[in-house]
Each structure stands twice: as structure tokens, then as C-alpha cells.
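# Coordinate analysis (summary)
In case you want the letters, here they are:
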Amino acid sequence: MELSEYVQSGLQILADSGCFSPSAYTVLLQTAFQSLLNAQADQVALDHPVLKHIDPTVLKHCHAAAATCILEAGKHKADKSTISTYLEDCKFDRERIEQFCTEYQKNKDTLEIILGSIGRCPLHVTDVSWRLEYQIKTNQLHKTYRPAYLVTLNVENSDSRSHPDVSFSCTMEQLQDLVGKLKDAAKSLERASQM
């Protein structure tokens, strides 16, 4: 597992028993897991009385670091020894490592299901619709008189879940540039398929 310096510094603060008492560590760790596993997780959980003495900025930093570490461990299907080694490098003591690993093992299956449901396939464009818009004034009441195209891409994913359409506005030059790049991509694909 490779985590950014920001995440590593958050984990090192979390490992510091002077900053996080054992009870504060437990509450923050459980809150980090719940925020990832439960879509309706209460953000009020960081307002727990045990965490009141901790600076809110530090608290959010450590919460984000713990959540990132949990996600990375789930993404790499890390085992207990991998997690233990990483947390030791972040100055965690044996007791906190054991508590982290126990909580991770308890929630591992649910975490992997959630991560697996995110999917890895990019969206497929199934249809395109557009309309011409003519802007006469800006919101500052300046006259502009310029055309713009409103383009909507209808998309779907291979897992059949519905996705919102992708909409954007562009000038004629931007649209011509987009069409040119799409034509180039189509030619490259055609050449590649003939090899």
C-alpha cells in the first residue's frame, strides 16, 4: 500500500496516544468505517463527546487518513500482516494495530462488496442530442450575441445501472475541435483493426 504524505501524517497523529486517547481512537476508527460502509452514516459522529477535546482540523485530517487507509487496504485486499507492517511504519503501537486489524476483518466483506459495486468499466455513449442556443446578454447585462451548442450525451454502463446524462455547453470552435478529435480517434481505431 502506498499512501500520500498527507495521509501518512494523519495516521501518525492518530497513532499518537497524547493526541488520541484509547477511547478517542476507538470512536474515530469506528466512525471512519461507518462513514465508508453506511451511506446514511451520521456526520454528527465526529461530534462524539470523547472527541470534543481534539482540534476539528486535526480530527478531520485523521478521519480522512483512516478512511483512506481502510479503502486502500480493501482495494488491495490487504491481509493482516500487510496492514500491521504499514501501521507500524506510521508509529502505531501493537494495541492500536490489533484494534485496527480486528475492525478491518469485521468489515472486510462489506467493504469489498461496496468497492466491487463501484465498477471499473467506463460509460458508453449510446446517443447524442444537441441544440443551438443564442446568447444575447450576459448576467451583467452586456450584449454578447454569440451562438453556443448545448450537447447531451446519453450514457450507459455495462452493469445496466442508470447514469445521468452528460451535458455540456460549447462554442462552435470547441464543437468543431471535438468532432475533429472524434474523427481522428475513429480513423486510428479503424487502422488498428485492419492490422
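Only a predicted model underlies this, so the values are computations on that prediction, with no experimental measurement involved. (Residues numbered from 1 in each chain as written. Predicted model: local features only at pLDDT ≥ 70, side-chain atom pairs only at ≥ 80, totals over all residues. Heavy atoms only, no water.)

## Examining a nonpolar patch on the surface
On the surface, Val166, Phe168, Leu178 and Leu182 cluster together to form a nonpolar patch covering roughly 310 Å² of accessible area. Of all the secondary-structure elements, those providing two or more residues to the nonpolar patch are β3 (166-170) and α6 (172-194). Along the chain, Leu178 falls in helix α6. Residue classification places Leu178 among the partly exposed residues on the basis of a relative accessible area of 34%. (Patch = residues over 30% accessible without salt bridge, like charges linked within 9 Å, V, L, I, M, F, W, Y side chains within 5 Å. Areas by Shrake-Rupley, 256 points an atom, 1.4 Å probe, with all protein chains shown as cover. Salt bridge = Lys/Arg side-chain N within 4 Å of Asp/Glu carboxyl O. Helix = DSSP H or I, 4+ residues; strand = E, 2+ residues; numbered from the N terminus. Buried < 20%, exposed > 50% of the residue type's maximum accessible area, 1.4 Å probe, protein only.)

## Details of the packing of helix α4 (residues 80-89) against helix α5 (residues 94-118)
At a minimum axis distance of 10 Å, the contact between α4 and α5 shows a crossing angle of 140°. In terms of axis orientation, α4 runs oblique to α5. As for the relative orientation of α4 and α5, their crossing is right-handed in sense. Between α4, through Lys80, Ile83, Ser84, Leu87 and Glu88, and α5, the contact on the second element is made entirely by Arg94, Ile97, Glu98, Phe100, Cys101, Tyr104 and Gln105. Its residues assigned to classes, the contact of α4 with α5 shows six nonpolar, two polar and four charged. (Axes fitted to C-alpha atoms, helices over the stretch in contact; angles between N-to-C directions. Parallel < 35°, antiparallel > 145°, perpendicular 65-115°, else oblique. Left-handed = near helix turned anticlockwise from the far one by under 90°. Contact = heavy atoms within 4.5 Å. Nonpolar A, V, L, I, M, F, W, Y, C, P; charged D, E, K, R; others polar.)

## Overview of helix α3 (residues 56-75)
Here α3 spans 28 Å end to end across 20 residues, near enough to the 28 Å set by a 1.5 Å rise per residue. All of the buried residues along α3 are Leu59, His61, Cys62, His63, Ala65, Ala66, Ala67, Cys69, Ile70, Glu72, Ala73 and Gly74. On the buried face of α3, the contacting elements are α1 (5-15), α2 (22-37), α4 and α5. Just downstream of α3 lies Lys77, where phi reads positive at about 50°. (Expected span 1.5 Å × (residues − 1).)

## Thoughts on α1
Along α1, the residues classified as buried are Val7, Gly10, Leu11, Leu14 and Ala15. For α1, the angular spread of buried residues about the axis comes to 140°, placing them on one side. Along α1, exposed side chains directed more than 90 degrees from the buried face belong to Glu5 and Tyr6. Buried positions along α1 lie against α2, α3, α4 and α5. (Arc of directions from axis to C-beta.)

## As for the side chain of His63
Mapped onto the fold, His63 is located in helix α3. Judged by its relative accessible area of 12%, His63 is buried. In this view, His63 contacts Leu28, Thr31, Ala32, Ser35 and Leu46; residues no more than four positions away in its chain are not counted.

## What to know about the nonpolar core
Membership of the largest hydrophobic core comes to 35 residues, with the highest contact counts inside it found for Leu11, Leu14, Phe20, Ile83, Phe92 and Phe100. Looking at this core, the elements that each hand over two or more residues are α1, α2, α3, α4 and α5. Considering each element in turn, this core owes the most residues, eight residues, to α2. Once you skip the residues sitting within four places of it in the chain, Phe92 turns out to touch Leu11, Leu14, Ala15, Tyr25, Leu87 and Ile97. (Core = buried A, V, L, I, M, F, W, Y, C linked by side-chain atoms within 4.5 Å.)

## A few points about the packing of α2 against α3
For the pair α2 and α3, interaxial distance at closest approach is 9 Å and the crossing angle is 60°. Between α2 and α3, the angle falls in the class oblique. Between α2 and α3 the crossing geometry is right-handed. Residues Leu28, Thr31, Ala32, Phe33, Ser35 and Leu36 of α2 touch α3, and the partners they reach there are Leu59, Cys62, His63, Ala66, Ala67, Ile70 and Leu71. Residues of the contact of α2 with α3, tallied by class, amount to 10 nonpolar, three polar and no charged.

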